[in-house]
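Commentary on secondary and tertiary structure
As a plain string of letters, each chain reads:
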Amino acid sequence: MRAKTITYTYPAHITQQTPSGKPLVFFAAPATQIDQWVGVPQRGRLDDEETIGFQRQENKARIRELSSFYHDERNIVQNPLLAAPQSETSVKFKALEGNPDFGTLEIVSQDFSETSLLNLMSQVVERLESRVPELKEAVLDQERLSSIMDRGRKEHGLNVVLDESDEAEDVAEDSGNTDNADAASVLLTDETHLIDFYTELKGRIKVLEALDSDMKPDRILGFDRDAMISYLKPIMLVDGQHRLKGAVLAAELLAEGDSGEEFQLEAVESGKDPAKAKAEFIAQHARSLPVSLLMDPSPSEHVFQFVVVNQKATPMGKALLGTIVSTSLSKDELDPVAQRLKDAGIKLDDSQAIAYLTRADESPFKNCVQTGITGATGDRSTALQWPVLKGLVGIFRELSGGKLYGEPTDWARVWGKNHLDQSAFVADLENHEEKLAEWARPDGPWRDVFIQFYLNIKEKFGADDPEASNAWGTTRSNLFNKVSLTILAADYFEFLRMQKRTLDSVSDVNLTMNDWLEGVSPTYFNRNWKVEKKDTPAIRKRWASLWHTYRKNPESLPKEGQFNPVAGA
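The rules behind the values
Residues numbered from 1 in each chain as written. Predicted model: local features only at pLDDT ≥ 70, side-chain atom pairs only at ≥ 80, totals over all residues. Heavy atoms only, no water. Phe/Tyr/Trp six-rings, centres within 6.5 Å; stacked < 30°, edge-to-face > 60°. Helix = DSSP H or I, 4+ residues; strand = E, 2+ residues; numbered from the N terminus. Buried < 20%, exposed > 50% of the residue type's maximum accessible area, 1.4 Å probe, protein only. Lys NZ or Arg CZ within 6 Å of the ring centre and 35° of its normal. pLDDT = per-residue confidence, 0-100. Contact = heavy atoms within 4.5 Å. Pairing = 2+ DSSP bridges. Axes fitted to C-alpha atoms, helices over the stretch in contact; angles between N-to-C directions. Parallel < 35°, antiparallel > 145°, perpendicular 65-115°, else oblique. Left-handed = near helix turned anticlockwise from the far one by under 90°. Nonpolar A, V, L, I, M, F, W, Y, C, P; charged D, E, K, R; others polar. Patch = residues over 30% accessible without salt bridge, like charges linked within 9 Å, V, L, I, M, F, W, Y side chains within 5 Å. Areas by Shrake-Rupley, 256 points an atom, 1.4 Å probe, with all protein chains shown as cover. Salt bridge = Lys/Arg side-chain N within 4 Å of Asp/Glu carboxyl O. Lys, Arg positive; Asp, Glu negative; His and termini not counted. Charge placed at Lys NZ, Arg CZ, Asp CG, Glu CD. Polar contact = N/O pair within 3.5 Å; in protein donor to acceptor, adjacent residues only side chain to side chain. Expected span 1.5 Å × (residues − 1). Arc of directions from axis to C-beta. Core = buried A, V, L, I, M, F, W, Y, C linked by side-chain atoms within 4.5 Å.

Here we look at the packing of aromatic side chains
- Following the criterion strictly, the structure yields 39 aromatic pairs and no others.
- The interplanar angle of 40° and the centroid separation of 6.1 Å between the aromatic rings of F27 and W37 together place this pair among those described as tilted. Taken together, the residues F27 in strand β2 (residues 24–30) and W37 in helix α1 (residues 31–37) connect sequence positions 10 residues apart.
- W37 gets classed as buried once you look at its relative accessible area, which sits at 1%.
- When the ring centre of Y356 is taken as origin, the NZ or CZ atom of R447, which lies over that ring, is 3.5 Å away.
- Above the plane of the ring of Y524 lies R527, whose end atom (NZ or CZ) is 5.8 Å from the centre.

Considering the confidence of the model for the protein
- Residues at a pLDDT of 70 or more form 81% of the protein, whose mean pLDDT is 82.
- Per-residue pLDDT stays below 50 along residues 44–55; that stretch engages in 71 contacts with residues further than four places along the chain or on separate chains.
- Note on residues 164–192: pLDDT is under 50 here. Beyond four places in sequence and across chains, it has 54 contacts.

Some thoughts on the pairing of strand β7 (residues 91–96)
- By the bridge criterion, 6 bridges tie β7 to strand β8 (residues 99–110) in an arrangement that is antiparallel. From the neighbouring strand, V91 faces β8, where its bridge partner is I107.

A few points about the packing of helix α20 (residues 482–498) against helix α22 (residues 537–552)
- At a minimum axis separation of 10 Å, α20 and α22 run at an interaxial angle of 40°. Classified by the interaxial angle, the pair formed by α20 and α22 is oblique. The element α20 and its partner α22 pack so that their crossing is right-handed. For the pair α20 and α22, contact is made by V483, S484, I487, L488, D491, E494 and F495 and by R540, W543, A544, W547, H548, R551 and K552, respectively.
- Grouping the constituent residues of the contact of α20 with α22 by class yields 7 nonpolar, 2 polar and 5 charged.

Structural notes on a negative patch on the surface
- Negative charge collects at one region of the surface, where E252, E256, D258, E261, E262, E266 and E269 lie side by side.
- Residue contributions to the negative patch peak at 5 residues, all from helix α10 (residues 258–269).
- Along the chain, E252 falls in helix α9 (residues 241–255).

A look at the side chain of N119
- With respect to the element layout, N119 can be found in helix α3 (residues 117–131).
- Engagement of the side chain of N119 in a polar contact is seen with the side chain of Q123, the distance being 2.7 Å.

Concerning the pattern of salt bridges
- Summed over all chains, the structure comprises 21 salt bridges.
- One salt bridge in this structure joins R204 and E200, with 2.5 Å as the shortest N-O distance. Taken together, the residues span about one helical turn, with R204 and E200 both in helix α7 (residues 194–210) at a distance of 4 residues.
- Using a relative accessible area of 2% as the deciding quantity, one classes E200 as buried.
- Across the pair R225 and D218 runs a salt bridge, and its minimum N-O distance is 3.9 Å.

What to know about helix α2 (residues 60–71)
- In this model, α2 (12 residues) spans 17 Å end to end at C-alpha, consistent with the 16 Å of a helix rising 1.5 Å per residue.
- Taken together, the buried positions of α2 are I63, L66, S67 and Y70. The buried residues of α2 occupy an angular sector of 105° when the element is viewed end-on, so they sit on one face. Residues of α2 that are exposed and point over 90 degrees away from its buried face: R64, S68 and H71.
- Tucked inside the fold, the buried residues of α2 contact α9 and β12 (288–294).

Observations regarding the environment of P466
- If you trace the backbone, P466 turns up in the loop between α19 (445–461) and α20.
- On the basis of relative accessible area, P466 is assigned to the exposed category, the value being 51%.
- Spatially, the C-alpha atom of P466 lies 8.6 Å from that of R476, the residues being 10 residues apart in sequence.
- Each residue touching P466, except ones within four places of it in the same chain, is listed here: A471 and T474.

Remarks on the nonpolar core
- F365, F450, F453 and Y454 are the most contacted members of the largest nonpolar core, which totals 64 residues.
- For this core, the elements supplying multiple residues, two or more each, are α15 (348–359), α16 (386–397), α17 (411–419), α19, α20, α21 (506–516) and α22.
- For this core, the element with the highest residue contribution is α20, accounting for 10 residues.
- Apart from residues no more than four positions distant in its own chain, F450 is found in contact with L357, F365, L389, L392, V393 and F396.

What to know about unusual backbone geometry
- The phi dihedral of N367 falls on the positive side, at around 65°, and the residue is not glycine.
- Along the chain, N367 falls in the loop between α15 and α16.
- A residue is classified by how much of its surface remains accessible, and N367, at 60% relative accessible area, is exposed.
- If you check the backbone angles, L399 has positive phi at about 50° while not being a glycine.
- Mapped onto the secondary structure, L399 falls in the loop between α16 and α17.

Points about the environment of S400
- Inspection of the secondary structure assignment puts S400 in the loop between α16 and α17.
- Taking the C-alpha atoms as reference points, S400 and R413, separated by 13 residues in sequence, lie 5.3 Å from one another.
- Non-local contacts of S400, meaning those with residues more than four positions away in its chain, are made with G394, I395, D410 and A412.

Section: the sheet that holds β2
- Read from one edge to the other, the open sheet built from 8 strands follows the order β3-β11-β6-β12-β2-β1-β8-β7, with strand pairing classed as mixed. The open sheet terminates on both sides in strands that have one partner only, identified here as β3 (38–39) and β7.
- Alignment of strand β6 (residues 81–85) against β12, held across 3 bridges, turns out to be parallel. Each residue of the ladder has a partner; that of L82, found in β12, is S292.
- Here α9 sits on the sheet in contact with β3, β6, β11 (235–239) and β12, set at roughly 110° to β11.

If you want it as structure tokens, here you go:
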């Protein structure tokens, strides 16, 4: 059963900047009303699973600051909220007869106050499927679904299992569905994590369906009503969430002051419900905010507008920007705006390449890199920083930056210049420029080489114990840090160049690394190097020199004190 609807109407002005651009509608509305029909899907973590919104999570301190600013009625914010409809049917502009530039904007919003969490989640799933129809045929991760069921069983004491009919539906093994499922898998890999979010929703829906009909929780395994409603409201807030929330808070705080209490007391004495009296006062005193509404319901345009506005005006962290750009849209949704993002100065290819490595199961960097996403756990301070991974990726993808600290030669560039053209990875192309472009695609051959290289490094030198000196996944380690990982990559490319070796397959990575590391001790990084600050010029040069010398002639390990330039002096 669908929720009842509420229609909001506002006088408005419509304009079109270019013949091919979508119209812009300008209007104003009380902040409390805007809060009812605008959604702010945030990119954060629910139950340590990423959502697919693109807004940054709320900064409570910023909201309080704006609330104080709004408290003085003389203070005016001229910047409009930037918004866009989530569907073509939820918003309509009705022009005045004889003056089509002016008219009335109608916004139709559902009243979700009585809608169950199960119903909300089902509607979010339907909306995702309407955005990306291939989701219906996608092969869902059965291990992930089973994990959700297990957690649901423990949290609510349920006997929730994935039965055969569920498995047939989710794995899409029914006759006639296999080809569609394969196509969907191709579409939804690399550039997006929509399918992950979709799977998390589907699993929680199964848990909710197994609950007793009298149980109507507002939260299930970290996913709550407010988060789901944000995806279903008729308008998407592209920019200005803190201005909006600050204005709402200012009205609410005013209701708690003397004038608000006096109004509510008089209203209650006249027979009004106290809660309704307070809501009426807040509505009367809420600041009216200007809104610029782009009449384009496509998610790709929403992401484009958000990224451009925030990157050009108040730049966000590179990690969060890369995460949002590369994982909020399906491939088909991203394609129409990809070039526009690049033209706007957004490093889209870098974002796609790096985001894949932070999420792919086969990547040794999965869950080990800061992504800018906050939540209950947040980014670990000891996770590798996004720009560090970008630098490592550049050595392999762009064949640039492969220098041993203190030395002038870029061995990755030299190897690429002399040996890439002979590689079977790019053999079908004619000239060096085409081969480089093919190698460097976000999902080009470099990626398999990169992953295999660092998988081998992790296996030979790393440890799962986070307290170990050679721990993988924490920058406290001698191994898992910018300096060591860069030295290893640069030295590998020097070896390839000096041995005049190309790479024709991933197997060649294994073969060449075996030769490169012949005689090298797996315990090289598993010792107390007595160094606190790793990324200093002296340390970088010292570590590069020690590794390079030892690797060429691994007769004995450098002594522990030698890793510290001061101690080794």
